[in-house]
Amino acid sequence: MILILLGPPGAGKGTQAQALMVARGLVQLSTGDMLRKAVAAKSELGLGARAAMDAGDLVSDDIVISIIAERIENKDCERGFILDGFPRTVAQAEALDLMLEQKGSQLDHVIEIRVDEEELVKRIAGRFSCAKCNENYHDTFKRPAKDGVCDVCGGTEFTRRSDDRAETVRARLEAYRNQTAPLLPYYRAKGTLRSVDGMNSIEAVTEEILEVLAT
Ligand code: AP5
Ligand code: MG
Ligand code: ZN
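The structure displayed is predicted, hence computed values, not measured ones.

(A) The arrangement of the overall build of the protein in detail. Summing up its helical and strand segments, the protein has 9 helices and 8 strands in all. A compact globule built from 215 residues should have a C-alpha radius of gyration of about 17 Å, and the protein, at 17 Å, falls within 12% of that. Projecting the C-alpha coordinates of the protein onto the three principal axes gives extents of approximately 45 × 40 × 35 Å. In the protein, which comprises 215 residues, the share counted as buried stands at 44%. For the protein, the proportion of contacts with a sequence separation of at least 24, taken over those separated by at least 6, is 67%. Counting every atom, the protein has about 11300 Å² of accessible surface; 50% of that belongs to carbon and sulfur. Distance from the positive charge centre (28 side chains) to the negative charge centre (34 side chains) of the protein: 3 Å.

(B) Structural context of the site of ligand 1. Taken together, 34 residues form the shell around ligand 1, and within it Thr15, Asp57, Arg88, Arg127 and Arg172 come nearest. Glycine 14 is positioned with one of its backbone polar atoms (N or O) 2.9 Å from an oxygen atom of ligand 1. One of the backbone nitrogen or oxygen atoms of isoleucine 202 is found 3.4 Å away from a nitrogen atom of ligand 1. Protein contact buries 97% of the 1000 Å² of open area that ligand 1 shows by itself. Of all the elements in the fold, those that place two or more residues in the shell around ligand 1 are α1 (13–24), α2 (31–40) and β6 (136–138).

(C) Spotlight on the coordination of the zinc ion (ligand 3). Ligation of the zinc ion (ligand 3) by protein atoms is provided by Cys130 (SG), Cys133 (SG), Cys150 (SG) and Cys153 (SG), these donors lying 2.3 to 2.4 Å from the ion. Taken together, the 4 donor atoms coordinating the zinc ion (ligand 3) span angles of 100 to 114 degrees at the metal, a pattern that classifies the geometry as tetrahedral. Along the chain, the residues donating to the zinc ion (ligand 3) are arranged with the sequence spacing C-x2-C-x16-C-x2-C. In this pair, cysteine 130 sits in strand β5 (residues 127–130) while cysteine 150 sits in the loop between β6 and β7 (158–159), placing the two residues 20 residues apart along the sequence.

(D) Up close: the packing of α2 against helix α4 (residues 61–71). Where α2 contacts α4, the two axes come as close as 11 Å, and the packing angle between them is 105 degrees. By the angle between their axes, α2 is roughly perpendicular relative to α4. Where α2 approaches α4, its residues Thr31, Met34 and Leu35 are matched on the opposing element by Ile63, Val64, Ile67, Ile68 and Arg71. Across the contact of α2 with α4, the residue classes break down as 6 nonpolar, 1 polar and 1 charged.

(E) Spotlight on helix α6 (residues 117–125). Among the residues of α6, those classed as buried are Glu119, Leu120, Arg123 and Ile124. The buried side chains of α6 occupy one side of the element, clustering within an arc of 130 degrees when seen end-on. Residues of α6 that are exposed and point over 90 degrees away from its buried face: Glu118 and Ala125. Against β5, β6 and α7 (166–180) lie the buried residues of α6.

(F) Structural view of helix α5 (residues 90–103). Here α5 is 14 residues long and its end C-alpha atoms lie 20 Å apart, about the 20 Å a rise of 1.5 Å per residue gives. Of the residues making up α5, those classed as buried are Gln92, Ala93, Ala95, Leu96, Met99 and Leu100. One side of α5 holds all its buried residues, which, seen down the axis, span an arc of 160 degrees. Exposed and facing more than 90 degrees away from the buried side of α5 are Glu101 and Gln102. The inward-facing, buried residues of α5 contact β1 (2–6), α4, β3 (81–84) and α8 (183–190). Residue glycine 104 follows α5 closely and has a positive phi angle near 75 degrees.

(G) A look at the side chain of threonine 168. Summarising the element assignment, threonine 168 is placed in helix α7. Non-local contacts of threonine 168, meaning those with residues more than four positions away in its chain, are made with Met53, Asp54, Ala55, Gly56 and Asp163.

Cut-offs applied
- Residues numbered from 1 in each chain as written.
- Chains lettered and ligands numbered in written order.
- Predicted model: local features only at pLDDT ≥ 70, side-chain atom pairs only at ≥ 80, totals over all residues.
- Heavy atoms only, no water.
- Helix = DSSP H or I, 4+ residues; strand = E, 2+ residues; numbered from the N terminus.
- Rg over C-alpha atoms; globule rule 2.2 N^0.38 Å.
- Buried < 20%, exposed > 50% of the residue type's maximum accessible area, 1.4 Å probe, protein only.
- Contact = heavy atoms within 4.5 Å.
- Areas by Shrake-Rupley, 256 points an atom, 1.4 Å probe, with all protein chains shown as cover.
- Lys, Arg positive; Asp, Glu negative; His and termini not counted.
- Charge placed at Lys NZ, Arg CZ, Asp CG, Glu CD.
- Near = heavy atom within 4 Å.
- Polar contact = N/O pair within 3.5 Å; in protein donor to acceptor, adjacent residues only side chain to side chain.
- Donors = N, O, S within 2.8 Å, 3.2 Å for Na, K, Ca; no water.
- Tetrahedral: all angles 85-135°; square planar, octahedral: opposite > 155°, others 65-115°.
- Axes fitted to C-alpha atoms, helices over the stretch in contact; angles between N-to-C directions.
- Parallel < 35°, antiparallel > 145°, perpendicular 65-115°, else oblique.
- Nonpolar A, V, L, I, M, F, W, Y, C, P; charged D, E, K, R; others polar.
- Arc of directions from axis to C-beta.
- Expected span 1.5 Å × (residues − 1).

Now the structure itself:
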């Protein structure tokens, strides 16, 4: 199964991709995570992407398209995958259509996670993750069972994303409105788009997505 999770920054794409990985055994392909790793490793790719990411702008289509084109050839993608944060422009969506066509596969579902802007800002401001295993948390909505200790790996160090500062978040929301929201009519016209209410609890959103996948 090939699935796209579409939604603004903080909507819960990463959170839901993780839940679906567990529920359905699909791999999560997050271009944001891949780019952050490249930046941390100071690779050529990371050096090229960093300025755009720090400003809350999109990285160039060429860069992200080539990352995904290479990644989906991996063996772990054979049974399908969840795209989290890709495509983000119409050019990326068209490139994806072509890649899948050449592989003889096709997109099963595009799921839009809808969340009000005020809520997005709260979610991003409270987000942190485990420095060791990358598990995602939130100051209010998803705290570790024991304060200061990661539920998954027992790690005690946590990090916050450098692009989660208020002014960068504003730029990311604007990039979503201007460059990514046009994908909604693009996929609606193809008949693959379904929307879920992302304002509900994490578990309720997962349930609603699983219902969509079952249809
Ligand atoms: P990326 O990493 O994709 O960031 P984003 O789209 O801004 O989305 P986020 O990761 O911030 O949010 P999310 O929807 O995953 O929410 P999460 O699950 O964490 O991209 C970063 C940058 O990389 C971009 O700005 C761009 O520069 C570049 N980039 C990446 N892909 C690109 C591409 N294709 N083309 C060009 N450039 C690209 O949830 C947020 C918080 O809320 C968490 O703390 C979570 O615990 C909590 N939460 C989640 N769901 C709920 C819920 N239902 N109720 C309560 N709390 C919840
Ligand atoms: Mg994410
Ligand atoms: Zn951890």
